[in-house]
Amino acid sequence: MSVISNSIATSSTTNGGSGSARNISQYDDADAIIRRSYHQSYGHILPCEDNPSWMKGRETSNIAKNCILKTRDYIISENVTVPWWFQTLLRDITGRGGGVYAPWHHFDTTKPLLNFCTIDKVATSEWRKVFCELNKADCVNTTKGSCGRKKCTWKTLQAMPEEAPWAVFVRDPLERLLSGFLDKCLNSFTRLRQGHCAPNVVFNPREGLKNDKHTSYPNLLDSIEGEGKDKLMFEAYVDVMPLKALHCDLYRNIAKFHFVGVMGKDFYFDLDRMANQFGGQLPEVKNENHNNTGNIVGNHAKHASEKVKRFYTARTVRKALEYLSIDYVTLGLRVPDWAKEMLNNDSIAKSITNLKECTVALKYKEVGLGRKQHIGPSPAPLLLFLLAFSVNSG
């Protein structure tokens, strides 16, 4: 059995309730997309029970990567049928240069004793400042290169006990995905200067990229005009799949973490809760370095509806939920209401279109050369009533 199958029942850490207790009749389009995608892809991840990564400190990422390597080799050797994007994901995150298992996802300190899993677009810049401040004494009168020119280290230079507690902050995957796009892709200067907006063939085409006729590929963005450009650009970016459940082996260990906070409307509350739980210098340092984070979260929440409508479509939501299904299943996160509403409205619109086409087909029958014969009263009122009943009862 996959390790993820066992995690559904324990995913209540961040959503306030048991994931397994929900009635199947309450599932909507978003739930169906997530669970179908998860079972077709991430559900094949091997449990690696012989190689646990919990409480392994800085070894965690290497252990987690080796586990995914086993899954990749198993799928290839046994010719397991999985979606194309999942095969691509396994190839990319286990290859050289992949960032999922990079060391910068793990911070630690002895003041207080704490391991911290950091995730991109979850206040990472502020957490760097926090751990640099907590480890400041380690960089005084030291010749070790770990501190660099800024005399700052996110990882303590002191010995870390194996039993040191773990903490993490998570964030809604759809919101985090959009945040990454806005930060790395929306501004053309930032795209070019940082080079972190992928796929580069769309966002940063190089002069040397040519086709088989030795003609340079055009910049695809130059051919897109009008208000739909933002949505098309974002849909291309979604394929980057910035997962967080694989960081720090979270999908296997989230239920064991000593603290799990959420970067959302209760972010400040969770920050205080974390500071009070671990103590030491954390409360003071947290106040100095996270003052602006709450404002950012608040402003995002205030303008969230406008932003998601500008960049997300129902199609993009579906694709993102498929790719990020492991985050929702294993981390106990709930799909935001705006995404469910977008999917629901799209389903209703498609149903109405299908009903209209069905009505036309039933109302008329072709006879002779182009003549149409009426075959009875229009079924549209009955069909529309059944549609409304199914939507309300679902």
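A brief look at the structure comes next.

What counts, and where the lines are drawn
Residues numbered from 1 in each chain as written. Predicted model: local features only at pLDDT ≥ 70, side-chain atom pairs only at ≥ 80, totals over all residues. Heavy atoms only, no water. Helix = DSSP H or I, 4+ residues; strand = E, 2+ residues; numbered from the N terminus. Buried < 20%, exposed > 50% of the residue type's maximum accessible area, 1.4 Å probe, protein only. Contact = heavy atoms within 4.5 Å. Areas by Shrake-Rupley, 256 points an atom, 1.4 Å probe, with all protein chains shown as cover. Phe/Tyr/Trp six-rings, centres within 6.5 Å; stacked < 30°, edge-to-face > 60°. Core = buried A, V, L, I, M, F, W, Y, C linked by side-chain atoms within 4.5 Å. Disulfide = S-S within 2.5 Å. Expected span 1.5 Å × (residues − 1). Arc of directions from axis to C-beta. Polar contact = N/O pair within 3.5 Å; in protein donor to acceptor, adjacent residues only side chain to side chain. Axes fitted to C-alpha atoms, helices over the stretch in contact; angles between N-to-C directions. Parallel < 35°, antiparallel > 145°, perpendicular 65-115°, else oblique. Nonpolar A, V, L, I, M, F, W, Y, C, P; charged D, E, K, R; others polar.

## Re the overall build of the chain
Right, so step 1: What the chain contains, in helices and strands, is 17 helices and six strands.
Right, so step 2: In the chain, which comprises 394 residues, the share counted as buried stands at 43%.
Right, so step 3: The contacts of the chain with a sequence gap of at least 6 include a subset with a gap of at least 24, amounting to 71%.
Right, so step 4: Split by element, the accessible area of the chain, about 21,200 Å² in all, is 53% carbon and sulfur.

## Observations regarding the packing of aromatic side chains
Right, so step 1: Applying the stated criterion across every chain, the model contains 22 aromatic pairs.
Right, so step 2: Ring geometry for F181 versus F311: centroids 5.6 Å apart, planes at 65 degrees, classification edge-to-face. Here F311 lies in helix α13 (residues 291-311) and F181 lies in helix α6 (residues 173-184), a separation of 130 residues in the sequence. The same class applies to F181 as to F311, namely buried.

## Remarks on the nonpolar core
Right, so step 1: Among the nonpolar cores identified, the biggest contains 87 residues, and W127, M274 and L321 are the most heavily contacted of them.
Right, so step 2: Other than its neighbours up to four places away in sequence, M274 contacts L114, F116, W127, A167, F169, F259 and L282.

## A short note on the state of the cysteines
Simply put, the disulfide is a covalent bond whose two ends are the sulfur atoms of two cysteines.
Right, so step 1: Across all of its chains, the model carries five disulfides by this definition.
Right, so step 2: Each disulfide pairs two cysteine sulfurs, and for C132 the partner residue is C152, the sulfurs being separated by 1.5 Å. Remark: C152 occurs in the loop between α5 (124-134) and β3 (166-170) and C132 occurs in helix α5; sequence separation between them is 20 residues.
Right, so step 3: Since its relative accessible area comes to 22%, C152 is described here as partly exposed.
Right, so step 4: Each sulfur in the disulfide pair C185 and C197 lies 2.0 Å from the other. Given an S-S torsion of about 110 degrees, the disulfide between C185 and C197 has right-handed geometry. Remark: C197 occurs in the loop between α7 (188-194) and α8 (200-203) and C185 occurs in the loop between α6 and α7; sequence separation between them is 12 residues.
Right, so step 5: Residue C185 is classed as buried on the basis of its relative accessible area of 0%.

## Comments concerning helix α2 (residues 29-40)
Right, so step 1: The end-to-end C-alpha separation of α2 is 17 Å, in line with the 16 Å expected for 12 residues at 1.5 Å each.
Right, so step 2: Buried residues of α2: A30, D31, I33, I34, S37 and Y38, and no others. Seen from one end, α2 has its buried residues packed into an arc of 165 degrees, which puts them on one side.
Right, so step 3: For α2, the capping residue at the N-terminal end is D28, with a side-chain oxygen 3.3 Å from the backbone nitrogen of A30.

## Comments concerning the environment of N287
Right, so step 1: By secondary structure assignment, the location of N287 is in helix α12 (residues 282-289).
Right, so step 2: N287 sits 16 residues away from L271 along the chain, and the two C-alpha atoms are 9.1 Å apart.

## Section: the packing of helix α11 (residues 267-278) against α12
Right, so step 1: Between α11 and α12, whose axes approach to 8 Å, the crossing angle comes to 155 degrees. As far as their axial angle goes, α12 and α11 are roughly antiparallel. Contacts from L271, D272, M274, A275 and F278 of α11 reach α12 at L282, P283 and K286.
Right, so step 2: The residue inventory of the contact of α11 with α12, partitioned by class, reads six nonpolar, no polar and two charged.

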